[in-house]
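# Coordinate inspection notes
So you can see what is in the structure, the chains are spelled out below.
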Amino acid sequence: MVKVYIDPGHGGTDPGAVANGLKEKDLTLKIAKYTRDYLQDNYKGVSIKMSRTGDTYPSLTQRTNEANAWGADAFVSIHINAGGGTGYEDYIYNGGVSSDTHKLQSAIHNEVAPLFSTNRGKRVKNLAVVRQSKMPAVLTENGFIDTKKDADFLKSNANLKKIGQAHAKGIANYFGLKKKTSGNNAPSGTYTVKKGDTLWSIATDNGLTVKKLKDLNGLKSDTIHPGDKLTLSGSKKPSKPASKPKPSNSGKHGKLKIINVNNAAIVMDKPDRNNSKNLGTVKKGATLPLNGSVRGKNSSSGYWEVNFNGRLGYITGKFGKKV
Ligand SMILES: [Zn+2]
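Presented here is an overview of the structure given in this document. (Residues numbered from 1 in each chain as written. Predicted model: local features only at pLDDT ≥ 70, side-chain atom pairs only at ≥ 80, totals over all residues. Heavy atoms only, no water.)

### Notes on the overall build of the chain
Counting its regular elements, the chain contains eight helices and 17 strands. For the chain, the C-alpha radius of gyration of 26 Å lies well beyond 20 Å, the compact-globule estimate for 323 residues. Summarising its shape, the C-alpha atoms of the chain cover approximately 70 × 40 × 35 Å along the three principal directions. Sorting the 323 residues of the chain into buried and exposed places 48% on the buried side. Residue pairs at least 24 apart in sequence account for 71% of intrachain contacts in the chain once pairs closer than 6 positions are excluded. Here the chain has roughly 15,400 Å² of accessible surface; of this, 49% comes from carbon and sulfur atoms. Across the chain, 52 positive and 25 negative side-chain charges occur, with their mean positions spaced 11 Å apart. (Helix = DSSP H or I, 4+ residues; strand = E, 2+ residues; numbered from the N terminus. Rg over C-alpha atoms; globule rule 2.2 N^0.38 Å. Buried < 20%, exposed > 50% of the residue type's maximum accessible area, 1.4 Å probe, protein only. Contact = heavy atoms within 4.5 Å. Areas by Shrake-Rupley, 256 points an atom, 1.4 Å probe, with all protein chains shown as cover. Lys, Arg positive; Asp, Glu negative; His and termini not counted. Charge placed at Lys NZ, Arg CZ, Asp CG, Glu CD.)

### With respect to helix H1 (residues 24–42)
Between its first and last C-alpha atoms H1 spans 27 Å; for 19 residues at 1.5 Å apiece the expected length is 27 Å, and the two agree. What H1 keeps buried is the set Glu 24, Lys 25, Leu 27, Thr 28, Leu 29, Ile 31, Ala 32, Thr 35, Tyr 38 and Leu 39. Buried residues belonging to H1 abut strand E1 (2–8), strand E3 (22–23), strand E4 (46–50), strand E5 (74–81), helix H5 (148–154) and helix H6 (157–175). (Expected span 1.5 Å × (residues − 1).)

### Some words on the sheet that holds E5
Here six strands make up an open sheet; going across it, the order is E4-E1-E5-E8-E6-E7 and the pairing mixed. The sheet terminates laterally at E4 and strand E7 (119–125), the two strands that pair on one side only. Sheet twist, expressed as the average angle between the axes of neighbouring strands with direction ignored, equals 20°. Sheet topology note: the E1/E5 ladder contains five bridges and is parallel. Its bridge partner being in E5, Pro 8 is matched across the sheet by Ile 78. The sheet contacts of H1 involve E1, E4 and E5, and relative to E5 the element is tilted by about 140°. Helix H3 (residues 99–112) contacts E5, strand E6 (88–93), E7 and strand E8 (137–144) of the sheet and is inclined by roughly 170° relative to E6. (Pairing = 2+ DSSP bridges. Axes fitted to C-alpha atoms, helices over the stretch in contact; angles between N-to-C directions.)

Here it is, written out as structure tokens:
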């Protein structure tokens, strides 16, 4: 578990810089919360503490003392710049710092700086919070509150969210945090087959019999392949042949007719246009047994799941129509 200390600059009696109807303390708190939420929602193995979650003012020393006592692995202080200028810059202590400190700065810089039209660089300065922190510490200055262009950018919550998420991605990249997976209980009721899985292991993990699992997915053999998507739920949701097919929940759905291609549609072994093996092709106008549809990867129109020569195959959504 890595410990990340996030410090929204200023707060309470200290508004920070104020201009263009904005207060630095409000913006830093919003960005910090977006950073925290994105880390918590998307990554495993991370624990987060914030110097403040409301409009209060812990002193700078209180903040660094808390991070040091907690044993934080990284300290990230979020600020908005002022004094006339534009763009993004970040700071580490201008004394002796570890190579990890430089790595943390670069990781955050690489994600956040591209959000701004001007990159003012990776900088060093004798700032209290980066000096007093015992762990790698970075302070970011996210645009100038007193420059109209930057202030207009910071007035949008969507932009503050992007800035927060970019901080989170930078922190995650620095630590090499693993993404959370949706797991077996994905709302779509589908399971992506992993290496080493068997029909039996998937069935028992999900409270199904092998027969039920095979019926749900129209499987004739016991062979499954990593990357295959299996339907786990037997509830009957209407399956509309929309441009974005939804995962199907019952075994068979009539027939799929091949449309919108010059000659023939490719049948793939996985619902992933860029990383699948071609099983063969089906001529335009031809039909084949349809199991349903899945989201998959690299196709905005999803994929149709069909029976192709006795096994599961996938056809890009826009190349088929349920008939
Ligand atoms: Zn500040």
